[in-house]
Amino acid sequence: MKPFLLLGLGLLSATALSHPSFAASDARTLQIVVSKDRQSLAVYDGDQVVATSKVSTGKPGHTTPSGIFSILEKKVYHESNLYSAAPMPYMQRLTWSGIALHESNSVPNYPASHGCVRMPKAFAKMLYQMTERGVHVVIADRPLVPQPFESSMLFQPQAAPPPALFSGIELRPMTASFLPQAQPLQVATNDVASIQIPAAQASLAPPVDQSPLSILITRRGLRENVRDLQGLLNGMGFAAGTPDGMLGPATVQAIEDFRKAHDIKTTGGLVSPALMKAVYAAAGKGEPPNGAIMIRQSFKPLFEAPAIIAEPQEALGVHFFTANTIDRISGKADWFGMTLDDDLTREAKKRLGITSEAQAQSLDAAGQALGRISIPDEVRHRIEDLLTPGSSLTISDTGVGPETGNETDFITITNGGALGKRG
């Protein structure tokens with residue numbers, strides 16, 4: 001495994017290093033990295049710099065959030081709906097709450113915006129022509145450079161499957177119950193036979209849908225735990241209602257009925273680790289998983305499944321990987337990665353059961369995080385069948401954040417930022 005080094009660029013100019021004409025498939029492999037420390041932006045194809053510019057990010061009180069984003073919407077001309085219809089030409093939206101890349105006449109090379117990333121006119125126009133929706137944008141507190149990265153955990157087309165860790169796994173369609181702009185829910189089924197993923201086909205043909213995958217591996221949250229509890233309780237005769245991940249009256253009553261029937265006394269909240277362990281044991285399902293892998297494609301939930309995170313007391317950190325090229329003949333994907341500084345609060349660490357951040361702060365933090373994660377065999381097959389250039393993998397402790405919603409990839413915020421501000 002290669003050491004995962006974080007390297008910085010020299011001082012970047014406000015001009016492009018090159019102005020290539022990208023096809024749509026080429027644009028998918030680009031990624032944009034913004035350094036708030038140096039007030040600079042660099043466009044990468046793999047680890048090669050394509051273009052650079054000075055920028056101005058959010059001023060004090062309107063800090064630009066750090067994290068992992070993608071371009072959600074593009075408009076040649078846009079006006080702010082918060083700041084007196086201020087013009088935002090060549091706008092490329094990063095969050096539906098208002099953070100964007102855009103042209104400005106005021107790019108003083110120091111923080112000056114209301115949260116957006118301002119760019120000089122000529123560069124903003126050129127960048128607009130180079131990108132398409134879905135291109136990844138990483139905003140970091142310090143300079144980052146994508147580095148080639150190898151790990152057996154990173155997905156490879158036609159790769160040999162790892163040992164199976166799960167038996168009779170339920171693979172559920174991802175639902176939108178946790179999204180701020182949620183659509184009607186897809187009802188998750190407990191019929192394992194009807195939703196198992198078929199084994200990977202021995203075909204060199206690319207997947208039908210060429211859109212890149214957006215993959216998130218994170219710790220299981222309340223939604224995932226409640227949804228699984230509902231399915232298991234229903235299967236044991238405790239009427240918990242539709243497995244939607246919501247703690248409604250029927251689910252609460254089913255939990256109370258289960259505790260009374262099994263004479264279980266637990267502390268630490270209604271859905272405690274002790275309760276989860278007891279329900280899984282009573283249902284004959286072994287130990288409850290502590291992680292989740294979620295997959296989106298074309299800005300929509302595709303599917304999700306359980307994962308196992310070893311040494312859960314250690315923070316994973318925030319790591320972002322992109323597949324730059326996919327060779328289905330050799331079965332090789334070239335991955336590039338970056339590690340972002342994460343700002344976990346004391347409350348978040350307590351809630352997640354994190355007592356140490358030593359691994360997350362080490363030089364090989366990404367490698368150690370990848371090495372601690374196990375996913376079901378059939379999930380790996382499905383992902384590798386669908387893998388295309390530009391597909392991404394995010395590893396994070398904090399789950400699905402509020403900025404991830406309808407028509408977004410997974411958005412990971414690594415600081416509080418100034419969400420909801422424009423300018």
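Here, every reference points to the structure presented above.
For every chain, the first residue of the written sequence is number 1, and numbering continues from 1 onward in sequence order. With the structure being a predicted model, the display of local features is reserved for residues of pLDDT at least 70 and the display and counting of side-chain atom pairs for 80 or more, all residues being used for whole-chain, interface and lining totals. Side-chain calculation: all heavy atoms of the structure are included, whereas hydrogens and water are not.

Caption draft 1: The arrangement of the overall build of the chain in detail. Counting its regular elements, the chain contains nine helices and 18 strands. We call a residue buried when its accessible area falls under 20% of the maximum for its residue type, exposed when it is over 50%, and partly exposed in between, using a 1.4 Å probe and counting protein chains only. The 423 residues of the chain split such that 53% are buried. Contacts are assigned to residue pairs with any non-hydrogen atoms lying within 4.5 Å of each other. In the chain, of all internal contacts separated by at least 6 residues, the share reaching a separation of at least 24 is 72%. Per-residue and other accessible areas follow the Shrake-Rupley method at a 1.4 Å probe size, with only the shown protein chains counted as cover for residues. By element, 54% of the accessible surface of the chain is carried by carbon and sulfur atoms, the whole surface being about 17,600 Å². Numbering of helices and strands starts at the N terminus; helices are DSSP runs of H or I of at least 4 residues and strands are runs of E of at least 2.

Caption draft 2: Here's a closer look at unusual backbone geometry. Within the chain, Gln39 stands out as a residue other than glycine whose phi angle is a positive 50°. Relative to the assigned elements, Gln39 resides in the loop between β1 (30–35) and β2 (40–45). The exposure class of Gln39 is buried, given its relative accessible area of 4%. The backbone of Asp263 sits at a positive phi, close to 50°, despite the residue not being glycine. Tracing the backbone shows Asp263 in the loop between α5 (249–261) and α6 (273–282). With relative accessibility at 59%, the residue Asp263 sits in the exposed group.

Caption draft 3: Region of interest: the packing of aromatic side chains. Whether two aromatic rings pair depends on their centres lying within 6.5 Å, for rings of Phe, Tyr and Trp, where Trp uses its six-membered ring; planes under 30 degrees apart make the pair stacked, over 60 edge-to-face, and the rest tilted. Applying the stated criterion across every chain, the model contains three aromatic pairs. Ring centres 5.7 Å apart and planes at 80° place the aromatic pair Phe238 and Phe258 in the edge-to-face group. With a gap of 20 residues between them, Phe238 in the loop between α4 (222–235) and α5 and Phe258 in helix α5 connect regions that are remote in the sequence. The same class applies to Phe238 and to Phe258, which are both buried. Charge over a ring is defined by NZ of Lys or CZ of Arg lying within 6 Å of the ring centre and within 35 degrees of the ring normal. When the ring centre of Tyr128 is taken as origin, the NZ or CZ atom of Lys74, which lies over that ring, is 4.3 Å away. In this structure, Arg296 packs its charged tip against the face of Phe410, placed 5.4 Å from the ring centre.

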